[in-house]
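In case you want the letters, here they are:
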There are 2 protein chains.
Amino acid sequence: MSNQDLPLSVASPSCEATPRTRPPMSGETAAELAVLFKALADPVRLRLLSAIASRAGGEACVCDLSAGIDVTQPTISHHLKVLREAGLLTSERRASWVYYRVVPHALARLSEVLAIEAGAVTA
Amino acid sequence: MSNQDLPLSVASPSCEATPRTRPPMSGETAAELAVLFKALADPVRLRLLSAIASRAGGEACVCDLSAGIDVTQPTISHHLKVLREAGLLTSERRASWVYYRVVPHALARLSEVLAIEAGAVTA
């Protein structure tokens, strides 16, 4: 056997491969969901979202949202905008006030994805 | 009525207040969950997590994780570390290989929180 015939690398002892039970998340889905998780990756945004979601109809007036959250109004507005742009909230002006509403299907979709990854439900 | 008795501000027309149906998320919980959502807020991390979760037993050898994910091995290692430090993965060395396993209860907790905020389940 000449040098030319030597393998270029020596294989490591093989690992205990575990078979796939379902296809993993696609790159496209991951890119889309990462944007939503990023919107949730802030304590103030989570509290604002929950403050809205915990009101009847999943809707709250902007004037009710700052209670107990110790940040300035412009900061609240910024965080609400991030949640809105991610598609987790919608807003509507009625008379003098802006009302925010959660988008249940967006939150439910994330919830379901995590339940699948947790193995709690079948994909 | 003297000037001293004048109210300091004039109230705006009141909004249509919506009653709370449950207590909103606490600041402490929001701070804790934001760390987990931040760990999920990256497409490569989501794909790695899903690549592990989609294997039998929610476990995969590190050597099986780069398939189809076009990033370098150090980048993969960095993202796995972020997921591990957030408590979403555990790792174990067996012989020459490191195996990663999802932490189902951590993912299930996030799933449940989102289902509550979506109004799908009762807190």
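Here is a short report on the structure shown in this document. If you're wondering where the values come from, they're calculated on a predicted model, not measured in any experiment.

### Looking at the nonpolar core
Stage number 1. Of all hydrophobic cores here, the largest spans 80 residues; its most connected members are A:Phe37, A:Leu88, B:Phe37 and B:Leu88.
Stage number 2. Setting aside anything within four residues of it in sequence, one finds B:Leu88 in contact with B:Leu36, B:Ala39, B:Leu40, B:Leu49, B:Leu83, B:Arg101, B:Val102, B:Val103, B:Ala106, B:Leu107 and B:Leu110.

### Points about the interface of chain A and chain B
Stage number 1. Tallying the contact residues gives 54 residues for chain A and 54 residues for chain B.
Stage number 2. Regarding the contact of chain A and chain B, the summed buried area is about 4,300 Å², with carbon and sulfur atoms giving 62% of it.
Stage number 3. Applying the counting criterion to the chain A and chain B interface returns zero salt bridges.
Stage number 4. The tally of links from chain A across to chain B stands at 13 residue pairs in polar contact (both at pLDDT 80 or more).

### Notes on the pattern of salt bridges
Stage number 1. For the coordinates displayed, the defined rule picks out 14 salt bridges over all chains.
Stage number 2. Here A:Asp64 makes a salt bridge to A:Arg55, at a shortest N to O gap of 4.0 Å. When sorted by exposure, A:Asp64 lands in the same class as A:Arg55, which is buried.
Stage number 3. Ionic pairing is found between B:Arg94 and B:Glu92, a salt bridge with its closest N-O pair at 3.1 Å.
Stage number 4. Through salt bridges with shared partners, one network takes in A:Glu59, A:Glu92, A:Arg94 and A:Arg101.

### So, the relation of the copies chain A and chain B
Stage number 1. When chain A is fitted to chain B, the residual RMSD is 0.0 Å, and the transformation amounts to a turn of 180° plus an axial shift of 0.0 Å. Both chain copies can therefore be described as sitting about a two-fold axis. In terms of proximity to the rotation axis, the leading residue of chain A is A:Ser111, whose C-alpha is 2.1 Å off the axis.

The rules behind these values
Residues numbered from 1 in each chain as written. Chains lettered and ligands numbered in written order. Predicted model: local features only at pLDDT ≥ 70, side-chain atom pairs only at ≥ 80, totals over all residues. Heavy atoms only, no water. Core = buried A, V, L, I, M, F, W, Y, C linked by side-chain atoms within 4.5 Å. Buried < 20%, exposed > 50% of the residue type's maximum accessible area, 1.4 Å probe, protein only. Contact = heavy atoms within 4.5 Å. Buried area = accessible area lost by both parts, 1.4 Å probe. Salt bridge = Lys/Arg side-chain N within 4 Å of Asp/Glu carboxyl O. Polar contact = N/O pair within 3.5 Å; in protein donor to acceptor, adjacent residues only side chain to side chain. Least-squares fit on C-alpha atoms with pLDDT ≥ 70 in both.

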